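Examination of the molecular architecture
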Amino acid sequence: MENCIFVVMETENGAVKNVGFEMITPAKEIAAAKNLKTVAVLIGNDVDGAAKQAGNYGADAVITVDAPEYKTYASDEYAAVLTTLAEKYKPEAIFIGATPNGKDLAPRVAVKLNTGCAADVTAMKLNDEGRIAFTCPVYGGTILAENVVETIPQMATVRGGAFKKAEPSETSVEIICEDEITLKAEDIKTKIVDVVKEISEAVNLEDADVIVAGGRGMGSPENFALVKELADLLGGVVGATRAPIESGWISRAHQIGQSGKIVSPKLYIACGISGATQHVTGMVGSDYIIAINKDEDAPIFDIANVGIVGNVLQVIPAMIEEIKKMRA
Ligand SMILES: Cc1cc2nc3c(=O)[nH]c(=O)nc-3n(C[C@H](O)[C@H](O)[C@H](O)COP(=O)(O)OP(=O)(O)OC[C@H]3O[C@@H](n4cnc5c(N)ncnc54)[C@H](O)[C@@H]3O)c2cc1C
């Protein structure tokens, strides 16, 4: 199947990470313009359900490499498998989520394929030469660089939340099982002995339906606890601007924005956040935004669906009390 774009899906405990489905959206747009197929690639164990899901989100075909030894991500094995697939199917482009594992996998494969890789892509389009131009934030997000990988396949890691996944629809998709790949002993130089989760991975802002985010306006780490209380009550995740992170009220894993995570939850509650461009870039894709700020001219109100002008220390406890009453 030449003439295709690979979209590499990462799974965790059998579930596909959202960025995998999100990447199908730009891949399909580019594939349509260049008459290519969008092919999801799934390396893992028991990935049948995930393969069907990839079809539901718009992949034209899915290649699976399904075996117990691929249950957990391992750099050497996954890089060897993906390289083998790329050499066989010759995709024009390969998109990989900019997750910790994806950032490890992509450059290894790029080296093996003797090609380049754009990092942490937040937008992409076809240029006049028919190549993909990738937008990559650099220097902590101060500059947006446009990168064109001149070699084929054009590889990129894509930031979670940068693209919207399609509405899934039940579709039957061609699934190609590539279970016969044998790895060469010289390809495997490391062995995973244990997997230890970092805190930053445990904060799954990108996949959250509800985010309650706090800014400098929360005033102190003690007050910031209100943000967590509201988030817990709504089954959501705590987000933050850079200000409280720099003040040490909460860890960097919670940062949303240009140099943090890009999110698109169903509900985003911004508490004591002014609405600086660097923050808004990361959350403007949210479906419904509620902003609480004591300054009626705060820029956050320009993008909010509902704006509450008031003191967060009064408004949030009132919201918590009302929600508890409704549920009692
Ligand atoms: C290169 C670069 C990258 C950056 N990346 C990011 C990023 O990824 N994410 C990010 O968030 N920022 C980022 N920043 C910082 C960004 O420019 C802003 O400084 C930051 O977002 C401001 O955070 P804030 O809204 O919490 O604070 P402020 O701008 O200080 O706003 C606080 C708000 O709280 C309100 N307030 C105060 N007290 C109360 C109260 N009691 N009740 C209600 N409202 C109250 C105030 O009216 C004000 O609007 C970046 C900056 C640079 C230069």
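Everything here concerns the structure above.
This one's a predicted model, so the numbers in the text were calculated from it and none came from an experiment.

1. A closer look at the sheet that holds strand β10 (residues 143-148)
Strands sit in the order β8-β9-β10 across an open sheet of 3 strands; the sheet is antiparallel. Both outer strands of the open sheet, β8 (123-126) and β10, are each paired with one neighbouring strand and no more. The average undirected angle you get between the axes of adjacent strands in this sheet is 25°. As judged from the 4 bridges shared by β8 and strand β9 (residues 132-138), these two strands associate in the antiparallel manner. Residue pairing across strands places Leu 126 opposite Ile 132, the latter belonging to β9.

2. Section: the site of the ligand
Gly 215, Gly 217, Thr 241, Gly 257 and Ser 274 are the nearest of the 30 residues found near the ligand. When residues of the shell around the ligand are traced back to their parent elements, those giving at least two are α7 (242-246), α8 (277-283), β16 (288-293) and α10 (312-327). With 3 residues, the top contributor of residues to the shell around the ligand is α8. Class assignment of the residues belonging to the shell around the ligand gives a composition of 7 nonpolar, 19 polar and 4 charged. Lining the shell around the ligand are residues from two domains, each supplying at least three of them: domain 1 (4-196) and domain 2 (201-327).

3. Let's talk about the packing of helix α6 (residues 221-233) against α10
Where α6 contacts α10, the axes come no closer than 10 Å and their chain directions differ by 25°. In terms of orientation, α6 and α10 fall into the roughly parallel class. The element α6 and its partner α10 pack so that their crossing is left-handed. Note on element contacts: α10 touches α6 through Leu 313, Ile 316, Pro 317, Met 319, Ile 320 and Ile 323, opposite Asn 223, Leu 226, Glu 229, Leu 230 and Leu 233.

Reading the values: the criteria
Residues numbered from 1 in each chain as written. Predicted model: local features only at pLDDT ≥ 70, side-chain atom pairs only at ≥ 80, totals over all residues. Pairing = 2+ DSSP bridges. Helix = DSSP H or I, 4+ residues; strand = E, 2+ residues; numbered from the N terminus. Axes fitted to C-alpha atoms, helices over the stretch in contact; angles between N-to-C directions. Near = placed C-beta within 6 Å. Nonpolar A, V, L, I, M, F, W, Y, C, P; charged D, E, K, R; others polar. Domains from an automatic or database assignment. Parallel < 35°, antiparallel > 145°, perpendicular 65-115°, else oblique. Left-handed = near helix turned anticlockwise from the far one by under 90°. Contact = placed C-beta atoms within 7 Å.

Worth remembering: the numbers are spatial, not functional.
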